[in-house]
Every structure is written in structure tokens, then in C-alpha cells.
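Chains, contacts and geometry: an overview
In case you want the letters, here they are:
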Amino acid sequence: MLMVNPRIIAKVKVKDTDESTGIRGRTLNVQVRNGQSFDTPSKPVVIKDFKAKARNPHYRGKLPGDLAVLPEYIEGRIFEEYLHENGRVNKIHRDLSQYSDSSSFMVNVPSLQMKPINPGKSIAMVTLKMQLDVPTLSGICMPLLEASAADYGKALEYWIKMSDECGKMCVPQISVSEDVPTFEAKLDNITELSKTGAVSMVDVVYGDPRKFRHQYGMLWEKRNELEAIVHCSKAPAKGDRVCDYMNTHPVYDMLLYGIDSMSAPRSPPRPFFPKKDCTEVADIEKYEWADQGTASMILGNHWESVDGGHLTCSCPICRGRSQSEIVETYSRKTDGCIDQSAMKDVSLIHDHLSFTEELGPIRKRIKGHDMAGYRKGKIDARNKFISSASFGDIRQFPKRRS
Ligand SMILES: [Zn+2]
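Here the structure is a predicted model, which means the values were calculated and not measured.

Moving on, we come to the overall build of the chain. The helix and strand inventory of the chain stands at 13 helices and 15 strands. Its C-alpha atoms give the chain a radius of gyration of 22 Å, within 12% of the compact-globule value 21 Å for 402 residues. Based on the C-alpha atoms only, the size of the chain along its principal axes is roughly 65 × 50 × 40 Å. Relative to its 402 residues, the chain shows a buried fraction of 44%. Residue pairs at least 24 apart in sequence account for 73% of intrachain contacts in the chain once pairs closer than 6 positions are excluded.

Here's what the structure looks like:
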């Protein structure tokens, strides 16, 4: 166990909000107790990123980040086991300990993926204690509660007090899929607590913005008052489908609702089976490659067909190289085969690195009240990409071989 003082947020201040049009975003300045500070929007490092890096020794660089969000899957059968407080609680505690050690130089908090629990039942105390017992965690997650707005407020007060005594932050969860009055009351409560510094981060469980327009509208209304990082958990890993080979990158749209950070759901635990090796780039099974230039995710095995220098990334994985060169560096084995799992891992690391780089320009555009212009630039680039001749080719010949 590393003996490190966890990074605790000291103060969150709203820095800029883009109020110019219906397309918007905000930046926060987050001061950490050890004297560090960072601005949002932020790309948190998640467990998947740590795993991908650990599995790929060819990438020796760091995973940059100020914030780590550690999702724990406690759903279905695992939730039943968890309720019985058997070895499952210890397992999750061990997992959190492992990944909070890896992320101890960042503000690191868990995000518990479970259905609402009753704050008066022993399971609530087990959940609180399990997290307080992890020394390198900056904060604990207060999961969704089966409680009225008033009882929620009382429980939150208690969880904050307990966390405080252990030198940790309390990150309450709320869900946009709750009914509008309940969501509003809980959000009001959290907003007031954010002004005193009692809450400096909130975990908003994702729901489709098209379905929960009012709830997202309320979040945006609080943009200048809510002095806490609004993290959206369980957000989809893929955005809207643009064409056969392309989906929008999901993060970009969420920024417009005043979301400061986002993470995808964690899948149920299962043994890791490496994918079978292949020999051609076009045969690498479904892996997606984030392209920040067009704010999209492109099915990776089609990049070979569109390599033409018009899609380049300067992140430490890509360094301006073509997809085929990246395959050679990170996943071509000595026997000539391509390690498919390595390519998937590398695509995750590239997504983290390239999106982290993209956040600089995003913050500038928010400051300049020009998120609308930023968004238009991405959509124009995407349309140009789709209509490009080479992309037309791969529609006809998805498995071009060299
Ligand atoms: Zn890259």
C-alpha cells in the first residue's frame, strides 16, 4: 500500500460559461489541497485506461490526467451477492484499493454502478465503510438512494460528516432519470452544499438528453452557482451513428449541457480472453479509433483504406503516423501476426491522450463564447470526410487488401 495523502479538492470556481447561443459549455477552475489546480472540462482516467496501459508495454508514456473516476459494477447477480455482504464487498474493496493506488497522484473517486439502496439499511453503512477504508481514495461515492428529497438531504449530510472525519470528499450520485421535482430538489440541495465547499463533485448518472430534457436544462441553469465538478457516469461509449463506419464521439455533445467530465459504464467482471491473432489490418475485429478532428469514432479497420495524410493525430501514440504504422509499432508480433487485443488497448490510450489534448482548444472556445463555431467546424470536417473519395471506396470495398 502506498502511503500517499489523497488529493482532495479545496475549492471549485466557475471560470467561464459560453452563454452566446443554444450551444454552450462551461469551464471550472479546481484547486486541490496540495496546491495543484486544473481546469475543466476534464477527461478523467478510468479503470479501462489503466488496464489498457498495463497490458500494452509498448506504450511507455504516462496517462495524463488530474482526475480519475473508478467505476465499480455492482449490478444484477453481483448486487445480490453484495447485499448479502459476503466476499463480494471485499472484492470490490480490493479492486478500489488497487486502482486508487495507481491513480493516487490525481483526484480519484469511485463511481458505484448499482441500483438505489435504502439509506437506513445496513447495506448503506457497508457501502460507506468499504470506501472510507481505502486510504489512497480522495473521495467516496454516495450511491443513488431510495429516499425522498428530504431524507436524501439528511443522508447526504451524514455521509459528508463521515467522509470529512476520514479526510475524504463525498461525491453524491443523482440520476437524470428521476422525476423532475425530485431531481430538482436534490440538485438544489447539492448546489447549496457546493457553495460552502461541502460538495465539490457530483456524479450524475446518465440518461438520454433527448428524453430527459428538463433535467439537463436544470443542470445548465445551475451553471454559475453549482461550484462542483459535474461528472456524468454510465454515459454511452459511442455517440450517434453517422454512417456504416462512423459514430459521433459522445463526449462533445455532453459538454454542451454543462457536463465537466464523463465516463462510460463498466462491464460485468469476466476473465480476459485475448482476441485471436490476424494478419491483415482490415481483419482486425471491431475496434474504434477516435478522430478528434471530426469529433467521431471511426471503425479502426477502415482506417487503412482512408490513410491519406488527411487524418493525423499528434498524440504520443500516433505522432502523425498512419494507422498501418501504428499497427506495426504496437501490435505486430515477431511471428508477423497482429495482436488484436493490443490494437484495442492502444485505441483506448489514443482516445484518452488525443481528447486530453483537444480540451485546450475547447476551453479557449468556451472562454471566447464560440462553442457554436467550434461545433460547426467539427461537423463540417465530418461531412467533408464522409464525402471524400477514399471513404466512398471503402463503402464498396470494406476489406481492401494491399
Ligand atoms: Zn493519437
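This brings us to unusual backbone geometry. A cis amide bond links Thr40 to the next residue, Pro41, at an omega of -5°. One non-glycine residue, Arg319, adopts positive backbone phi at about 45°. With 12 C-beta atoms packed within 10 Å, Arg319 lands in the exposed category.

Moving on to the sheet that holds strand β6 (residues 107-113). In any sheet, the strands associate via hydrogen bonds between backbone groups, in a parallel or an antiparallel arrangement. Ordered in space as β4-β5-β6, the three strands form an open sheet in which the pairing is parallel. Both edges of this open sheet fall to β4 (45-46) and β6, since each of them pairs with a single strand only. Taken together, the seven bridges between strand β5 (residues 67-73) and β6 define a ladder with parallel strand orientation. By the bridge assignment for β6, Glu72 is matched with Leu112.

Turning our attention to the pairing of strand β15 (residues 296-299). Sheet topology note: the strand β12 (residues 246-248)/β15 ladder contains three bridges and is antiparallel. Bridging across to β15, Met246 finds its partner in Ile298. As paired strands, strand β14 (residues 288-291) and β15 are joined by four bridges and run antiparallel to one another. Bridge assignment links Ala290 to a residue of β15, and that residue is Met297. Where β14 hands over to β15, the hairpin turn is made up of four residues, of which Ala295 adopts a positive phi near 50°.

It is worth spelling out helix α5 (residues 149-165) at this point. Here α5 is 17 residues long and its end C-alpha atoms lie 25 Å apart, about the 24 Å a rise of 1.5 Å per residue gives. For α5, the complete set of buried residues consists of Tyr152, Leu156, Trp159 and Ser163. Along the axis of α5, the buried residues cluster in a sector spanning 70°; they form a single face. For α5, the exposed residues lying more than 90 degrees away from the buried face are Ala150, Lys154, Lys161, Asp164 and Glu165. Summarising the contacts, the buried residues of α5 are in contact with α4 (122-132), β7 (139-142), β8 (169-175) and α6 (180-195). The positive-phi residue at the C-terminal boundary of α5 is Gly167, with phi of around 70°.

Moving on, we get to the pairing of β5. The buried fraction of β5 is high, at six of seven residues. Examined bridge by bridge, β4 and β5 share two bridges and lie parallel to one another. What sits directly across from Val46, in β5, is Val69.

Moving on, we get to the sheet that holds β15. Sheet architecture is open: four strands sit in the order β11-β12-β15-β14, paired in antiparallel fashion. Pairing within the sheet leaves two strands with one partner each, and these edge strands are β11 (241-243) and β14. This sheet shows a mean twist of 30° between the axes of neighbouring strands, independent of strand direction. Where β11 lies against β12, two bridges are found, and the strand directions are antiparallel. Note that in β12 the partner of Arg241 across the bridge is Asn247.

Another aspect to go through is the domain arrangement of the chain. Per the domain assignment, the segments of the chain are domain 1 (9-262) and domain 2 (281-389). The C-alpha centroid of domain 2 is placed 27 Å from the C-alpha centroid of domain 1. Between domain 1 and domain 2, the contact holds 38 residues from the first and 31 residues from the second. Top contributing element to the side of domain 1 that touches domain 2 by residue count: helix α1 (residues 47-55), with five residues. Tallied by class, residues from the side of domain 1 that touches domain 2 come to 15 nonpolar, 11 polar and 12 charged.

Our next topic: the environment of Val281. On the secondary structure map, Val281 appears in the loop between β13 (261-262) and β14. It is 9.9 Å that separates the C-alpha atoms of Val281 and Met343, two residues lying 62 residues apart in sequence.

Inside soluble globular proteins, nonpolar side chains tend to come together where they are buried. The biggest cluster of nonpolar side chains holds 71 residues, and the ones touching the most others in it are Val109, Val171, Met201, Val202, Ala228, Val230 and Met254. Per-domain counts for this core show at least three residues from each of domain 1 (9-262) and domain 2 (281-389). Once residues lying within four places of it in the same chain are set aside, the contact partners of Val202 are Val171, Pro172, Ile174, Ile190, Ala228, Val230 and His231. Membership of the second largest hydrophobic core comes to 18 residues, among which are Tyr59, Ile284, Tyr330 and Ile338.

Quick notes on the rules
- Residues numbered from 1 in each chain as written.
- Predicted model: local features only at pLDDT ≥ 70, side-chain atom pairs only at ≥ 80, totals over all residues.
- Helix = DSSP H or I, 4+ residues; strand = E, 2+ residues; numbered from the N terminus.
- Rg over C-alpha atoms; globule rule 2.2 N^0.38 Å.
- Buried ≥ 20, exposed ≤ 12 C-beta atoms within 10 Å, placed from the backbone.
- Contact = placed C-beta atoms within 7 Å.
- Pairing = 2+ DSSP bridges.
- Expected span 1.5 Å × (residues − 1).
- Arc of directions from axis to C-beta.
- Axes fitted to C-alpha atoms, helices over the stretch in contact; angles between N-to-C directions.
- Domains from an automatic or database assignment.
- Nonpolar A, V, L, I, M, F, W, Y, C, P; charged D, E, K, R; others polar.
- Core = buried A, V, L, I, M, F, W, Y, C linked by C-beta atoms within 7 Å.

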